[in-house]
Amino acid sequence: MSLASHLDELQRKHGDIEREIDDAMNHPSVDDLEIVNLKRRKLALKDEIEKLRAQPTTH
């Protein structure tokens, strides 16, 4: 998998989790701990995306 396609996949997952968080926050029956876990996963993806973007590209 190329770096660009890997970044695209990570960004897609990040967006998916963001939508999950939005949905969960609109349902009163969702446990706060579940929302916290989703936010942690989203942050981990963001960190990985930033780390990959910071890597120097080789030609």
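Residues numbered from 1 in each chain as written. Predicted model: local features only at pLDDT ≥ 70, side-chain atom pairs only at ≥ 80, totals over all residues. Heavy atoms only, no water.

Looking up the protein chain in an unreviewed UniProt entry gives the name DUF465 domain-containing protein, with the organism given as Mesorhizobium sangaii.

Visitor: What should I look at first to understand the environment of Glu50 in this one?
Guide: Relative to the assigned elements, Glu50 resides in helix H2 (residues 32–54). Expressed as a C-alpha distance, the spacing of Glu50 and Leu7, which sit 43 residues apart in the sequence, is 9.4 Å. (Helix = DSSP H or I, 4+ residues; strand = E, 2+ residues; numbered from the N terminus.)

Visitor: I keep staring at helix H1 (residues 3–25) and nothing clicks. Help me out?
Guide: Each α-helix winds once per 3.6 residues, and so residues spaced three or four apart point in a common direction. Look at H1: 33 Å from first C-alpha to last across 23 residues, which is about the 33 Å you get at 1.5 Å a residue. Buried residues of H1: Leu7, Leu10, His14, Gly15, Ile17, Ile21 and Ala24, and no others. In the core, the buried residues of H1 are packed alongside H2. (Expected span 1.5 Å × (residues − 1). Buried < 20%, exposed > 50% of the residue type's maximum accessible area, 1.4 Å probe, protein only. Contact = heavy atoms within 4.5 Å.)

Visitor: Looking at this structure, how should I read the packing of H1 against H2?
Guide: Geometry of a packed helix pair, given as the angle between the helix axes and the separation of the axes. H2 packs onto H1 with a crossing angle of 160° between their chain directions and a minimal axis gap of 9 Å. Viewed along their axes, H1 and H2 adopt a mutual orientation that is roughly antiparallel. Considering how the two elements wind past one another, H1 and H2 form a crossing that is left-handed. When its residues are assigned to classes, the contact of H1 with H2 shows 12 nonpolar, 3 polar and 9 charged. (Axes fitted to C-alpha atoms, helices over the stretch in contact; angles between N-to-C directions. Parallel < 35°, antiparallel > 145°, perpendicular 65-115°, else oblique. Left-handed = near helix turned anticlockwise from the far one by under 90°. Nonpolar A, V, L, I, M, F, W, Y, C, P; charged D, E, K, R; others polar.)

Visitor: Explain the side chain of His14 here, please?
Guide: Positionally, His14 belongs in helix H1. If we ignore the near neighbours within four places in the chain, the residues touching His14 are Lys42, Leu45, Lys46 and Ile49.

Visitor: What should I look at first to understand a negative patch on the surface in this one?
Guide: A cluster of acidic residues, Glu20, Asp22, Asp23, Asp31, Asp32 and Glu34, forms a negative patch on the protein surface. Elements supplying a minimum of two residues to the negative patch: H1 and H2. Counting residues per element, the negative patch draws most heavily on H1, at 3 residues. With respect to the secondary-structure elements, Asp23 resides in helix H1. (Patch = residues over 30% accessible without salt bridge, like charges linked within 9 Å, V, L, I, M, F, W, Y side chains within 5 Å. Areas by Shrake-Rupley, 256 points an atom, 1.4 Å probe, with all protein chains shown as cover. Salt bridge = Lys/Arg side-chain N within 4 Å of Asp/Glu carboxyl O. Lys, Arg positive; Asp, Glu negative; His and termini not counted. Charge placed at Lys NZ, Arg CZ, Asp CG, Glu CD.)

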